[in-house]
Amino acid sequence: MKKALALTLAAAMSLSLVACSGGTSTSQSSSASTSTGSTSTGSSSAAQTSTVANKDKPLVWFNRQPSNSSTGELDMTALNFNANTYYVGFDANQGAELQGTMVKDYIEANIDTIDRNGDGIIGYVLAIGDIGHNDSIARTRGVRNALGTAVEANGETDSTPVGTNTDGTSTIVKDGSLEVNGTTYTVRELASQEMKNSAGATWDAATAGNAINTWSASFGDSIDVVVSNNDGMGMSMFNAWSKDQGVPTFGYDANSDAVAAIAEGYGGTISQHADVQAYLTLRVLRNALDGVDINTGISVADEAGNVLSENEYVYNEEERSYYALNVAVTAENYQDYLDSTVTFAPVSNQLDAAEHPTKKVWLNIYNAADNFLSATYQPLLQKYDDLLNLEVEYIGGDGQTESNITNRLGNPSQYDAFAINMVKTDNAASYTGLLSQ
Ligand code: BGC
Ligand code: CA
């Protein structure tokens, strides 16, 4: 039922995408293209840039979507901060379903060897990144839905960590059952935990490494599969325990080290098309600064030939959000994903510096120690900033407090545009407040 709905929505979205890209330009781009559009950002010419108020400068939220961390409800005030505000992320539900299916397919294909202690129960443990991050929530749900361990709470799959559930009595999850070749197996979520360190950093790889050591010391023989909301935590668990034990471990992000580990028994990962996301993050700013249609070089080829197709992303107009699509990376195709920092070829053409003069962008990463953002996303941004003639100042946060980052946005007037990756998805106002002063 839910799956059908999601598919319908996806179809509707791609239809509206076609409609957008083929049809007339948006109101915003038309105001920019007529010189009388005095209410637009006024950023269409270089000379004007310095006079644009900070509150009117292009702003892109990325990787952490402004939203309520308890309900997941989007923060539309932040997403509509000004006419040139967007979010760039990836399709969390499509990716989560893909991750769950990848794990299930692996279990089915390896059913003869997967149950290590032969008790008829396929036990898995799950590393949760951040209980208040909608991408993390989606991935936890995707795994539980696919493995039949999901329990509904308030009309949706409960994504709460179980702590330990070795006896199968948890009310947050239930035992699933999987029938393969006429035999029925029980699937049990033995343990799950939010990987947050004592200082408050979420998605914490070291915490995940400690957790697998604790879990394996008390019920290691029951663990047949390790699943993680991301590769940073997944690789930490793999290196600490599962690699030596030959226990398949699944992550998310397709960081280079995780993809390479597939050759050594890492079960698989999901590419969230960071090469497309990093491009979109900077491209929407470039377009807004140039005063051109926002989909230039996105759905519509630019003069250098840069263009994306609907296989790579969807745009949701109402949510002001670009979502990259996900691809499963497994033993079958990992050779094509070994370097996660290579730009996406269809959007790797240099923009002309005379047509697109250098602009200054302030960009922050919520946690300089986050594996995905530091090892995959930022290196990509640093390649695209050259191609798009943007001079980007990169600020790395500590993953714990917003002020550690906002303290370094003392003079927003120095920049033409902003790209923001919040510590907590609730905290958009900490940034927009500064830009509104
Ligand atoms: C990534 C995680 C990362 C998180 C940070 C997610 O999209 O998959 O690896 O830690 O973003 O916000
Ligand atoms: Ca077992």
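This one's a predicted model, so the numbers in the text were calculated from it and none came from an experiment. Every chain is numbered on its own, with residues counted from 1 as its sequence reads. Here every chain gets a letter starting at A, and every ligand a number starting at 1, in the order they are written. Local features in this predicted model are restricted to residues of pLDDT 70 or higher, and side-chain atom pairs are both shown and tallied only at a pLDDT of 80 or more, whereas totals for entire chains, interfaces and linings draw on every residue.

## Some remarks on the site of ligand 1
- Taken together, Asn63, Arg64, Gly129, Asp135, Trp203, Asn230, Gly232, Tyr252, Asp253, Asp370 and Phe372 make up all the residues around ligand 1.
- Only Asp, Glu, Lys and Arg are considered charged, only Ala, Val, Leu, Ile, Met, Phe, Trp, Tyr, Cys and Pro nonpolar, and every remaining residue, Gly among them, polar. In the shell around ligand 1, the residues fall into 3 nonpolar, 4 polar and 4 charged. In this analysis a residue is considered near a molecule or strand if the C-beta atom, reconstructed from its backbone, is found within 6 Å of that molecule or strand.

## A few points about helix 8 (residues 231-245)
- Helix and strand assignments come from DSSP, with helices taken as H or I runs of at least 4 residues and strands as E runs of at least 2, each series counted from the N terminus. Multiplying 1.5 Å by the helix residue count minus one yields the expected span of that helix. Taking 1.5 Å as the rise per residue, helix 8 with 15 residues should run 21 Å; its terminal C-alpha atoms sit only 18 Å apart, a clear shortfall.
- For helix 8, the full list of buried residues reads Asp231, Gly232, Met233, Gly234, Met235, Ser236, Met237, Phe238, Trp241 and Ser242.
- One or two positions beyond helix 8, positive phi appears at Gly246, with a value near 70 degrees. Put simply, a residue is buried when 20 or more other C-beta atoms lie within 10 Å of its own C-beta and exposed when 12 or fewer do; between those, it is partly exposed, and each C-beta is set from the backbone.

## Notes on the confidence of the model for the protein
- Residues at a pLDDT of 70 or more form 89% of the protein, whose mean pLDDT is 91.
- Every residue in residues 1-49 scores below 50 in pLDDT, and together they form 54 contacts with partners more than four places removed in sequence or on other chains. A residue's pLDDT is the predictor's confidence in that residue, given on a scale from 0 to 100. Placing C-beta atoms from the backbone, we regard two residues as in contact once those atoms come within 7 Å.

## A few points about helix 6 (residues 134-147)
- Between its first and last C-alpha atoms helix 6 spans 20 Å; for 14 residues at 1.5 Å apiece the expected length is 20 Å, and the two agree.
- Taking burial as the measure, the 14 residues of helix 6 include 13 buried ones, the bulk of the element.
- Looking at the residues trailing helix 6, positive phi occurs at Gly148, about 75 degrees.

## A look at the environment of Gly397
- With respect to the secondary-structure elements, Gly397 resides in the loop between strand 16 (390-396) and helix 12 (403-406).
- Its 25 C-beta neighbours within 10 Å are what place Gly397 among the buried residues.
- For Gly397 and Asp370, which are 27 residues apart along the polypeptide, the C-alpha to C-alpha distance reads 9.8 Å.
- If we skip the residues at most four places from it in the chain, Gly397 touches Asn364, Ile365, Tyr366, Asn367, Ala368, Asn404, Ile405 and Val423.

## Some points on the packing of helix 7 (residues 205-219) against helix 8
- Here helix 7 crosses helix 8 at 40 degrees, and the two axes come no closer than 8 Å. Taken as axis vectors, helix 7 and helix 8 run oblique relative to one another. For the pair helix 7 and helix 8, the crossing hand works out as right-handed. Along its contact with helix 7, which presents Ala205, Ala206, Ala208, Gly209, Ile212, Asn213 and Ser216, the element helix 8 presents Gly232, Met233, Ser236, Met237, Ala240 and Trp241.
- Residues that form the contact of helix 7 with helix 8 fall into these classes: 8 nonpolar, 5 polar and no charged. Between N-to-C directions, angles cover 0 to 180 degrees, with each direction set by a line fitted to C-alpha atoms, over the stretch in contact for helices. For this classification, under 35 degrees means roughly parallel, over 145 means roughly antiparallel, 65 to 115 means roughly perpendicular, and everything else is oblique. By the definition used in this description, the sense in which the near helix is turned from the far one sets the handedness, with an anticlockwise turn below a right angle giving left-handed and a clockwise turn giving right-handed.

## Thoughts on the pairing of strand 7 (residues 176-180)
- Two strands pair if DSSP finds at least two bridges between them. Note that strand 7 and strand 8 (residues 183-194) share 5 bridges and pair antiparallel. Considered in strand 8, the bridge of Leu178 is made with Tyr185.
- Between strand 7 and strand 8, which pair antiparallel one after the other, the connecting turn spans 2 residues, and Asn181 there sits at a positive phi close to 50 degrees.

## A few points about unusual backbone geometry
- One non-glycine residue, Asn154, lies in the positive phi region at around 50 degrees.
- Mapped onto the fold, Asn154 is located in the loop between strand 4 (152-153) and strand 5 (156-157).
- At Trp203, a residue that is not glycine, the phi angle is positive and equals roughly 50 degrees.
- Tracing the sequence through the fold places Trp203 in the loop between strand 8 and helix 7.

## Side note on the sheet that holds strand 17 (residues 417-420)
- Within the open sheet, the 7 strands sit side by side as 12-13-2-1-17-15-16. Their pairing is mixed. Two strands lie at the open edges of the sheet, namely strand 12 (313-316) and strand 16, each paired on one side alone. With direction set aside, neighbouring strand axes in the sheet form an average angle of 20 degrees.
- Pairing analysis gives 3 bridges linking strand 15 (residues 359-365) to strand 17, with the strands arranged parallel. Bridging across to strand 17, Val361 finds its partner in Ala417.

## Observations regarding the nonpolar core
- Residues Val60, Leu285, Tyr313 and Val361 are the most contacted members of the largest nonpolar core, which totals 62 residues.
- Counting residues per element, this core draws most heavily on helix 10 (residues 274-290), at 10 residues.
- Tyr313 has contacts with Val276, Leu280, Leu308, Tyr322, Tyr323, Ala324 and Leu325, leaving out every residue within four places of it along the chain.
- Counting residues in hydrophobic clusters, the runner-up holds 45 residues, among them Tyr124, Val125, Ala146 and Trp241. Connectivity within a nonpolar core runs through C-beta atoms within 7 Å, and the core itself is a set of buried Ala, Val, Leu, Ile, Met, Phe, Trp, Tyr and Cys residues.

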